[in-house]
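# Structural overview for review
The residues making up each chain are set out below.
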Amino acid sequence: MIEYAERYGTPLYVYRLEKVREAAAALRRALPEPCRLYYSLKANPHPRIVEELAAVGVQAEISSSGELQAALAAGQAAADILYTGPGKTLRDMRMAIRAGVRRFSVESMAERSRLADAAADEAKDVDYLVRINAPGAAAGGTGLRMTGVPSQFGIDFDQACVPPELFRAAGRLRPLGMHFFPATNVADPAALAREFELSVETAAAVRAKTGFVPSLIDLGGGFAAPFARPGDLPDYSGLRQVLETALDRCFPEWRHGRPAIAFESGRHLTAQCGTLLTTVLDVKRSGGRTYVILDAGTHVLGGMSGLGRIMAPAAVPCTDAGRGDGMGEGACSEPAENATTLVGPLCTPLDVLNRSASLGRPEAGDLLRIPNTGAYGLTASLLAFLSHPPATEVIVDGADEVHVRRLEVTATQLKGVEE
Ligand SMILES: Cc1ncc(COP(=O)(O)O)c(C=O)c1O
């Protein structure tokens, strides 16, 4: 690791492709067979990572025109891409259809109409899944709820069962199936299994109430991963049995692809591949506390912490050349008065990565590493705030360095605005 920091400076993300392959293989083993697995690019849209997942048969789940470009740049076949997310514009959908995307998840009746317009405008047949906000989700053990509560995601179960046209072909639109994504980051395998069972049962209930027979059920995900702290991926190996039993009960033909079953995962596939290297710029005492100022702030990592979502990242001294993973060294074991506040270089008191880190006695110039930062790292951060250059990203595969890049925030002068 140190060699990369010496070569490219910090802040620096190092992504290890073998970790991506390992996570994909383990997740596949935990899922019912046959099934399709989508990679959610929002976790990390780096084309080399998307390409690696495509090579092992994991297709792209995208939610923007930028993710569409990243998926295509990574060599994903447009026809295999699933386009999800609330608030898709007519322009987004037309652009995707023009690029060859034929599969969308719709989150409301209005969005379904927009998709129909986009399909008509582009004169292409398009398939859609209806995203359903199902009631009765399991309590406890969940990270962040997406549905099962009032939310902007999907169509409430009761409403989905009412309008007959929701599941009816119209013009260039063909209803393909149903989409669920009740929660993210569900670390308790039993709680996640229950979420999936409930989604399977809801799909069967929608079929019974509407008469619509789905060809594809996307059960979503919720597969967890540690974020910016030491730790391993949860063991979901028990899921397969639970899911196969639920599917056999509600959709006895599923093993023959009637319906096909799909899952989505972002963080679980990529979190462990990433390590953020950062340099201590300054160490100060103020009001009895130690402040360690890093060159990686919320413009590099944890940009969503303002939403109260991100746990305290743990940095560990980077003392070797990448041997061992140092896991466990970052846990805070010091008394609160000795604890360190890890901050970034941004000129705002909100640029805090961790209020109670345990780091020993760091000095200016020390190199630290923050593990498990391959998902929701750089592109989930406040990239343009304070206008620092974005962190560099290196992709390595075993001992080989295979790709290095730096994202740029650029301005484009639009025609017609200039007088
Ligand atoms: C529809 C959908 N799919 C996939 C994901 C990816 O979630 P995760 O990275 O937790 O797997 C999300 C996250 O918000 C989502 O909303």
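Nothing here was measured: the structure is a model prediction, and the numbers come from that model. (Residues numbered from 1 in each chain as written. Predicted model: local features only at pLDDT ≥ 70, side-chain atom pairs only at ≥ 80, totals over all residues. Heavy atoms only, no water.)

In terms of regular secondary structure, the protein is built from ten helices and 20 strands. Among the 419 residues that make up the protein, the fraction classed as buried is 52%. The long-range share in the protein, meaning contacts at least 24 apart out of those at least 6 apart in sequence, stands at 72%. (Helix = DSSP H or I, 4+ residues; strand = E, 2+ residues; numbered from the N terminus. Buried < 20%, exposed > 50% of the residue type's maximum accessible area, 1.4 Å probe, protein only. Contact = heavy atoms within 4.5 Å.)

For any pair of aromatic rings, the description consists of the separation of the ring centres together with the inter-plane angle of the planes. Under the definition given, this model contains seven aromatic pairs. A centroid spacing of 5.4 Å and a plane angle of 90° characterise the contact between Phe196 and Phe263, whose relative ring orientation is edge-to-face. Of the two residues, Phe196 is situated in helix 8 (residues 189-210) and Phe263 in strand 12 (residues 260-265); the sequence distance between them amounts to 67 residues. For the pair shown, Phe196 and Phe263 are each scored as buried. Through pairs of rings, three or more aromatic residues link up here, namely Phe196, Phe223, Tyr236 and Phe263. (Phe/Tyr/Trp six-rings, centres within 6.5 Å; stacked < 30°, edge-to-face > 60°.)

Looking now at unusual backbone geometry. Looking along the chain, the bond that leaves Thr10 and enters Pro11 is cis, with omega of 0°. Tracing the backbone shows Pro11 in the loop between helix 1 (2-8) and strand 1 (12-16). Going from Glu33 to Pro34, the amide bond is cis rather than trans, its omega being 5°. Looking at the secondary structure, you find Pro34 in the loop between helix 2 (17-30) and strand 2 (36-40). Residues other than glycine seldom take positive phi values, yet Ala228 does so here, at roughly 55°. By secondary structure assignment, the location of Ala228 is in the loop between strand 11 (216-218) and helix 9 (239-250). Its identity is not glycine, yet Ser387 carries a phi of approximately 60°, on the positive side. For Ser387, the location among the structural elements is in the loop between strand 18 (367-371) and strand 19 (392-397).

Running from amino to carboxyl end, helix 4 (residues 65-73) crosses helix 5 (residues 90-99) at an angle of 15°, the nearest separation of the two axes being 10 Å. Judged on the interaxial angle alone, helix 5 and helix 4 are roughly parallel. Here helix 4 and helix 5 pass one another in a crossing that is left-handed. Residues Ser65, Leu68, Gln69 and Leu72 of helix 4 form the contact with helix 5, whose own contacting residues are Asp92, Met95, Ala96 and Ala99. Considered class by class, the residues forming the contact of helix 4 with helix 5 number five nonpolar, two polar and one charged. (Axes fitted to C-alpha atoms, helices over the stretch in contact; angles between N-to-C directions. Parallel < 35°, antiparallel > 145°, perpendicular 65-115°, else oblique. Left-handed = near helix turned anticlockwise from the far one by under 90°. Nonpolar A, V, L, I, M, F, W, Y, C, P; charged D, E, K, R; others polar.)

Together, Leu382, Phe385 and Leu386 make up an exposed nonpolar region whose accessible area comes to about 240 Å². Within the fold, Leu386 resides in the loop between strand 18 and strand 19. (Patch = residues over 30% accessible without salt bridge, like charges linked within 9 Å, V, L, I, M, F, W, Y side chains within 5 Å. Areas by Shrake-Rupley, 256 points an atom, 1.4 Å probe, with all protein chains shown as cover. Salt bridge = Lys/Arg side-chain N within 4 Å of Asp/Glu carboxyl O.)

It is worth spelling out the pattern of salt bridges at this point. Under the criterion given, the structure shown has 24 salt bridges. Residues Glu393 and Arg405 are paired through a salt bridge, measuring 2.8 Å at the closest nitrogen-oxygen approach. Of this pair, Glu393 sits in strand 19 while Arg405 sits in strand 20 (residues 400-406), and the two are twelve residues apart along the sequence. Via salt bridges that share partners, Arg21, Arg48, Glu51, Glu52 and Asp397 belong to a single interconnected network.

Averaged over every residue, the pLDDT of the protein is 89; the share at 70 or more is 89%. Here residues 321-333 scores under 50 on pLDDT; set against residues more than four positions off or in separate chains, the count is 24 contacts. (pLDDT = per-residue confidence, 0-100.)

Across four bridges, strand 1 lies against strand 13 (residues 274-286) in antiparallel orientation. Of the residues in strand 13, the one forming a bridge with Leu12 is Leu277. With five bridges connecting them, strand 13 and strand 18 associate as antiparallel partners. Bridge pairing in strand 18 places Thr279 opposite Leu367. Count of turn residues in the strand 13/strand 14 (residues 289-294) antiparallel hairpin: two residues, of which Gly287 carries a positive phi of about 55°. (Pairing = 2+ DSSP bridges.)

Burial runs high along strand 9 (residues 173-179): five of the seven residues are buried. As defined by bridge partners, strand 6 (residues 126-133) adjoins strand 9 across six bridges and the pair is classed as parallel. Within strand 9, the residue paired with Leu129 across the bridge is Gly177. Here three bridges tie strand 9 to strand 11, and the two strands are oriented parallel to one another. Pairing of Met178 across the sheet is with Ile217, part of strand 11.

Inspection of the secondary structure puts Tyr13 in strand 1. Judged by its relative accessible area of 0%, Tyr13 falls in the buried class. When the C-alpha positions of Tyr13 and Thr392 are compared, they lie 6.2 Å apart, and in sequence the two are 379 residues distant. Not counting the four nearest positions on each side in its chain, Tyr13 is found in contact with Thr275, Leu276, Val300, Leu301, Thr373, Gly377, Leu378, Ala391, Thr392, Glu393 and Val394.

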